[in-house]
Amino acid sequence: MTKEKYINRRKFIGDGAMIVGATSALPLYSFTNKKGGIASSKTKLAIVGTGSRGITTWGKPVVDAYSDHVEFVALCDINPKRMAAAKLMMGVEVKTYEAKDFDLMIQETKPDVVIVTTTDGFHEKYIIRAMELGCDVISEKPIAIEADQCQRIADAEVRTGRKIRVGFNDRHTIDSMEIKKIVMSGELGKILAIDFNEYLDTSHGADYFRRWHGKKAYSGTLLLHKASHHFDIANWFVGADPVDVQAIGKLSFYGHNNPYRARNCRTCPFTAKCRFYWDMTRDKEAMTMYGNCEDVDNYYRDGCVWDNNIDIYDTSSVQVNYENGTQLTYTMQTFMPYEGQFIGFTCENGRLDVRLNKRQPWEAPETEFRLTKDRETTKYWTMKAPAGGHGGSDERLKNAMFLPPEADPLGCKAGSRAGIMSSLIGIAARQSIETGQKVKIADLIKFPRVWRG
């Protein structure tokens, strides 16, 4: 590693303004913009990881809406049965390759872009190999779950000259874009502190503990899999780099915190008394993608939320200091009686409170905004998300990926830098929980002087 290529970790924070400026000056890549600003042909896509996110977010919707611009040429997974099911669900006739034949897939089908939607712990492996074989990459969040994975991804992007885009659909929600507009307007001045509270109910929250997400080795904890969305938009709102992180967290409710358990719901003798029993056989999609394929890889989509092997946190609190002095306090609870978010921005010239009401036992607007300038001046308004995946944000994200490039005044597009910075907060938070110590972001990896995305 040469001095010219990397920033000394002790200089990282001091050089932060230079890095941000250099990054913002680089145009984010559009995968349809191959030659001279005009796509010469359809962009060829391959997916590695044909689970529900890969097929129901990036597979079938892309086939249905963007076939004038892109075409799928291959699917890759560890489970041949799941790939066969994915082909039928997507309505495409493409080649399928087992994970061990990933290189062969690239060589034979020559995709322009590989979409990585495997379990989180394997993102890095396929991101790097795809770039080494000449492909650009779309990665689901989180881009990585370990600091050394982030390092290798950053190195590989510089080394190969390829580009990465990260699927941060949270930047494309109408509420996030509204917040960003208010911040950019300067009406409230500098953000001094953010209170960000994530509430997951016992439907959505519990489902993470049924699946592979409940194991650190696969998800890195929900501070990576789930919260990387939130750390990314916090970084985006603040417009500065995180400096250090301190956190607490524990497994308070799920996992070992119950007197009985089983392997999975369909084989459980306690279904009559377990309020988390889920009859997977009534879910056609889950049976098609998982239940009918589990004999190949022994992955049970209806795993027990009381599994003793669950080792992630179901309640956590994270504090982040930013280089510009802003403070972030983030909490996540995963067994609430209602679902939503409460985000508060304390600023130089007032306060912005945003409440996202997802599911609750009372009537409420979908999103509530209140901007208060002083003790006499306040403004209240509501918003309702349009139809579509994640309130229409999935469509806006894919438009930015697959349609001819348009202006992006809010900076909604996210590259490797955004992906890595959000992951590093989650990684630092997990490390802080495990050690009880504050963790400096600049001590985790060495950052390239110029980021490609």
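You'll find the structure just up there.
Below or above, wherever it landed, is the structure these notes cover. (Residues numbered from 1 in each chain as written. Predicted model: local features only at pLDDT ≥ 70, side-chain atom pairs only at ≥ 80, totals over all residues. Heavy atoms only, no water.)

**So, the sheet that holds strand 3 (residues 95-98)**
Pairing between sheet strands relies on hydrogen bonds along the backbone, with the strands arranged either parallel or antiparallel.
Turning to step 1, where the next piece is worked out: As summarised here, the arrangement of the six strands in space is 3-2-1-4-5-6, forming an open sheet in which the pairing is parallel. The open sheet has two edge strands, strand 3 and strand 6 (164-166), and neither has a second partner. Neighbour-to-neighbour, the strand axes of this sheet turn through a mean angle of 25°, independent of strand direction.
Turning to step 2, where the next piece is worked out: Bridge count between strand 2 (residues 70-77) and strand 3: four bridges; the pairing is parallel. Directly across from Ala74, in strand 3, lies its bridge partner Lys95.
Turning to step 3, where the next piece is worked out: Those strands touched by helix 15 (residues 393-402) are strand 1 (43-48), strand 2, strand 4 (113-116), strand 5 (136-139) and strand 6, and its axis lies near 170° from that of strand 6. (Pairing = 2+ DSSP bridges. Helix = DSSP H or I, 4+ residues; strand = E, 2+ residues; numbered from the N terminus. Axes fitted to C-alpha atoms, helices over the stretch in contact; angles between N-to-C directions. Contact = heavy atoms within 4.5 Å.)

**Notes on the pairing of strand 2**
Turning to step 1, where the next piece is worked out: Most of strand 2 is tucked away, with seven of its eight residues classed as buried.
Turning to step 2, where the next piece is worked out: Sheet analysis places strand 1 next to strand 2, joined by six bridges and oriented parallel. Looking at the pairing, Val48 lines up with Cys76 of strand 2.
Turning to step 3, where the next piece is worked out: Note on the crossover from strand 2 through helix 4 (residues 80-90) to strand 3: the handedness is right-handed. (Buried < 20%, exposed > 50% of the residue type's maximum accessible area, 1.4 Å probe, protein only. Right-handed = clockwise from strand over helix to strand, strands pointing away.)

**Some details on the side chain of Glu294**
Turning to step 1, where the next piece is worked out: Following the sequence through the fold, Glu294 ends up in helix 14 (residues 294-297).
Turning to step 2, where the next piece is worked out: In this structure Glu294 comes out as buried when scored by relative accessible area, which is 14%.
Turning to step 3, where the next piece is worked out: Side chain to side chain, Glu294 and Arg266 meet in a polar contact 2.7 Å long.
Turning to step 4, where the next piece is worked out: For Glu294, the contacting residues outside a window of four places in its chain are Arg266, Tyr299 and Tyr300. (Polar contact = N/O pair within 3.5 Å; in protein donor to acceptor, adjacent residues only side chain to side chain.)

**Regarding the pattern of salt bridges**
Turning to step 1, where the next piece is worked out: Tallied over the full model, the rule gives 31 salt bridges.
Turning to step 2, where the next piece is worked out: Here Glu146 and Arg430 are joined by a salt bridge, their closest N and O atoms 2.9 Å apart. With Glu146 in the loop between strand 5 and helix 7 (147-160) and Arg430 in helix 16 (residues 416-435), this pair connects stretches of sequence that are 284 residues apart.
Turning to step 3, where the next piece is worked out: The exposure class assigned to Arg430 is buried, which follows from its relative accessible area of 7%.
Turning to step 4, where the next piece is worked out: The partner of Asp148 in a salt bridge is Arg152, with the nearest N and O atoms 3.5 Å apart. Here Arg152 and Asp148 lie together in helix 7, a separation of four residues that amounts to about one turn.
Turning to step 5, where the next piece is worked out: For Asp148, a relative accessible area of 41% corresponds to the partly exposed category.
Turning to step 6, where the next piece is worked out: One salt-bridge network, held together by shared partners, links Asp103, Arg129, Glu132 and Arg159. (Salt bridge = Lys/Arg side-chain N within 4 Å of Asp/Glu carboxyl O.)

**Examining the pairing of strand 8 (residues 242-250)**
Turning to step 1, where the next piece is worked out: Here strand 8 runs beside strand 9 (residues 315-322); their pairing, made up of eight bridges, is antiparallel. Looking at the pairing, Gly249 lines up with Ser316 of strand 9.
Turning to step 2, where the next piece is worked out: In this sheet, strand 15 (residues 439-440) lies alongside strand 8 in antiparallel orientation, the contact comprising two bridges. Bridged to Asp244 within strand 15 is Lys440.

**Quick notes on the sheet that holds strand 12 (residues 350-359)**
Turning to step 1, where the next piece is worked out: Strand order in the open sheet formed by nine strands is 14-13-12-11-7-10-9-8-15, with mixed pairing between adjacent strands. Both outer strands of the open sheet, strand 14 (377-383) and strand 15, are each paired with one neighbouring strand and no more.
Turning to step 2, where the next piece is worked out: Of the strands in this sheet, strand 7 (191-201), strand 11 (339-347), strand 12, strand 13 (367-374) and strand 14 touch helix 8 (residues 174-185), which is tilted by about 15° from strand 13.
Turning to step 3, where the next piece is worked out: Across the sheet, helix 16 touches strand 8, strand 9 and strand 15, and the angle it forms with strand 8 is around 50°.

**Some words on the side chain of Arg210**
Turning to step 1, where the next piece is worked out: As for its placement among the helices and strands, Arg210 is situated in helix 9 (residues 204-210).
Turning to step 2, where the next piece is worked out: Within the structure, the side chain of Arg210 is placed 2.9 Å from the backbone oxygen of Phe276, a separation counted as a polar contact.
Turning to step 3, where the next piece is worked out: In contact with Arg210, not counting residues within four places along its chain, are Ser203, Phe276, Trp278, Tyr300, Arg301, Asp302, Gly303 and Val305.

**Topic: unusual backbone geometry**
Turning to step 1, where the next piece is worked out: A cis amide bond, omega -10°, links Lys141 with the succeeding residue Pro142.
Turning to step 2, where the next piece is worked out: Unusually for a residue other than glycine, Thr221 sits at a positive phi of about 85°.
Turning to step 3, where the next piece is worked out: Along the chain, Thr221 turns up in the loop between helix 10 (216-219) and helix 11 (222-225).
Turning to step 4, where the next piece is worked out: Residue Thr221 is classed as buried on the basis of its relative accessible area, which comes to 0%.
Turning to step 5, where the next piece is worked out: Here Asn298, not a glycine, exhibits a phi torsion of approximately 60°, which is positive.
Turning to step 6, where the next piece is worked out: With respect to the helices, strands and loops of the structure, Asn298 is situated in the loop between helix 14 and strand 9.
Turning to step 7, where the next piece is worked out: By relative accessible area, which is 54% here, Asn298 ends up exposed.

**Focus: the nonpolar core**
Turning to step 1, where the next piece is worked out: Of all hydrophobic cores here, the largest spans 101 residues; its most connected members are Phe345, Leu352 and Leu424.
Turning to step 2, where the next piece is worked out: Considering every element that reaches this core, the biggest residue donor is helix 16, with nine residues.
Turning to step 3, where the next piece is worked out: When neighbours within four sequence positions are excluded, Leu424 is seen to be in contact with Ala147, Cys150, Ile441, Leu444, Ile445 and Phe447.
Turning to step 4, where the next piece is worked out: By size, the runner-up hydrophobic cluster in this structure holds 29 residues, among which are Ile47, Ile115, Trp212 and Met287. (Core = buried A, V, L, I, M, F, W, Y, C linked by side-chain atoms within 4.5 Å.)

**Details of the packing of helix 8 against helix 12 (residues 227-238)**
Turning to step 1, where the next piece is worked out: Close contact between helix 8 and helix 12 brings their axes to 9 Å; oriented N to C, the two are set at 25°. For the element pair helix 8 / helix 12, the angle class is roughly parallel. Between helix 8 and helix 12 lies a crossing whose hand is right-handed. Residues Ser176, Met177, Ile179, Lys180 and Val183 of helix 8 pack against Ile233, Trp236 and Phe237 of helix 12. (Parallel < 35°, antiparallel > 145°, perpendicular 65-115°, else oblique. Left-handed = near helix turned anticlockwise from the far one by under 90°.)

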